[in-house]
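Secondary and tertiary structure notes
In case you want the letters, here they are:
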Amino acid sequence: MMLRQGFPKPTKTTIEGTLVRLDPLSANVHAEDLFEAGHVPDRDVKFRYLVDIAPDDLSIVRKWAENAEASEDPMFFAVIDQETGKAVGRQSLMRIDATHGVAEIGNIYWGPGMSRSAKATEAMFLMMQYIFEELGYRRLEWKCDNANEPSKAAAKRFGFAFEGLFRQHLIIKGTNRDTAWYSIIDREWPSLKPAFLTWLAPTNFHPDGRQCTALSDLTSVAMNPLR
């Protein structure tokens, strides 16, 4: 079968969710919120594996946001808390290959208002849904420093399959990066989507906010249905 080439390019559009929405990043609208989200006591740790530096001054974040707003690849989105209307994080689509229907999700920073929460999971789900359903892409990638154990754990939790290690792939902030590669492909999305919807459903949470079923359990079954 001859596969088609040529897919729509992502656009700077708002992607609505229940807990969060993804807005095209705007320096004027989002810089102050993103500075607040990033200016945390352990910011050097949280920004260790990101290309940009930990924010110590609003002017630095504003300049970064101006560049991010102007960029088409990476294409940045601010993660907006639907309850407060504040930007609580940001993420991007990058290395966009519309010819072959491939993109990577990266440049992720989720602040204290959303990290390790249902908001972070929905932010990831919304971008996956946009890539596979709106654009019809064949592949979504996740890459991270092999030393970044939390990022690797997150990739597994979200259902990304490990594909290999690119040794001495990059130099980031003066240090070597061996890059771990992960992906989800289009034929896996129909199984993964119900796993996310099941986890995000209000019935999956106790009154105190504790989850009933872990997302990693649901995505593991979705990716390995015979286990």
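This one's a predicted model, so the numbers in the text were calculated from it and none came from an experiment.

Calculation rules
- Residues numbered from 1 in each chain as written.
- Predicted model: local features only at pLDDT ≥ 70, side-chain atom pairs only at ≥ 80, totals over all residues.
- Heavy atoms only, no water.
- 1 Å grid on protein atoms, 1.4 Å probe; cavity = no way out; pocket = protein on both sides within 12 Å on 5 of 7 lines; lining within 4 Å.
- Points joined across faces, edges and corners; volume = space filled by probe spheres on them.
- Nonpolar A, V, L, I, M, F, W, Y, C, P; charged D, E, K, R; others polar.
- Salt bridge = Lys/Arg side-chain N within 4 Å of Asp/Glu carboxyl O.
- Helix = DSSP H or I, 4+ residues; strand = E, 2+ residues; numbered from the N terminus.
- Buried < 20%, exposed > 50% of the residue type's maximum accessible area, 1.4 Å probe, protein only.
- Pairing = 2+ DSSP bridges.
- Axes fitted to C-alpha atoms, helices over the stretch in contact; angles between N-to-C directions.
- Parallel < 35°, antiparallel > 145°, perpendicular 65-115°, else oblique.
- Left-handed = near helix turned anticlockwise from the far one by under 90°.
- Contact = heavy atoms within 4.5 Å.

Time to look at empty space enclosed by the protein. Counted according to the given criterion, the structure contains 1 cavity of 30 Å³ or more. Within this model, the largest cavity holds a volume of roughly 30 Å³. Taken together, the residues of the lining of the largest cavity sort by class into 4 nonpolar, 1 polar and 2 charged.

Per the stated rule, a full pass over the model turns up 17 salt bridges. Across the salt bridge formed by K86 and D33, the nearest N and O atoms sit 3.0 Å from each other. Linking K86 in the loop between β3 (75-81) and β4 (87-97) with D33 in helix α1 (residues 27-38), this pair joins segments that are 53 residues apart in sequence. Here K86 falls in the partly exposed class, since its relative accessible area comes to 31%. Here D33 falls in the buried class, since its relative accessible area comes to 17%. For K143, the salt bridge identified is with E104, shortest N-O distance 2.9 Å.

Looking at chain direction, strand β7 (residues 161-172) and strand β8 (residues 175-185) are connected through 8 bridges and run antiparallel. Its bridge partner being in β8, I172 is matched across the sheet by T175. In sequence, β7 turns back onto β8 through a hairpin of 2 residues, with K173 there showing a positive phi of about 55°.

Turning to the packing of α1 against helix α3 (residues 58-70), a few remarks are in order. With their axes 9 Å apart at the nearest point, α1 and α3 run at an angle of 135° to one another. Here α1 lies oblique to α3, going by the angle between them. Of the two elements, α1 crosses α3, and the hand of that crossing is right-handed. When α1 is examined against α3, the residues A27, N28, A31, E32, L34 and F35 are found in contact with a partner set consisting of L58, V61, R62, W64, A65, E66 and E69. Looking at side-chain class alone, the contact of α1 with α3 contains 8 nonpolar, 1 polar and 4 charged residues.

In this section: the sheet that holds strand β5 (residues 102-110). Spatial strand order, β1-β2-β3-β4-β5-β6-β8-β7: 8 strands in an open sheet with mixed pairing. For this open sheet the edge positions go to β1 (15-16) and β7, each flanked by a neighbour on one side alone. When β1 meets strand β2 (residues 20-24), the two strands line up antiparallel, connected through 2 bridges. In the strand pairing of β2, E16 is matched with R21.

So, about the layout of surface pockets. Where empty space is left can be seen by rolling a probe of water-molecule size over the atoms. Within this model, the largest pocket holds a volume of roughly 1,300 Å³. Taken together, 38 residues make up the lining of the largest pocket; nearest its centre are I108, W142, N148, P150 and S151. Every element with two or more residues in the lining of the largest pocket is listed here: α2 (43-46), β4, β5, α4 (118-134), β6 (139-145), α5 (149-157) and β7. By residue number, the principal contributor to the lining of the largest pocket is β5, which donates 7 residues. For the lining of the largest pocket, the per-class residue count stands at 21 nonpolar, 8 polar and 9 charged. Reported here for the second largest pocket is a volume of approximately 250 Å³. Lining the second largest pocket are 14 residues, with K156, F160, S220, M223 and N224 positioned closest to its centre. Breaking the lining of the second largest pocket down by element, the ones donating at least two residues are α5, β7 and α7 (215-223). Ranked by the residues each element gives to the lining of the second largest pocket, the list is headed by α7, at 4 residues. Taken together, the residues of the lining of the second largest pocket break down into 6 nonpolar, 5 polar and 3 charged.

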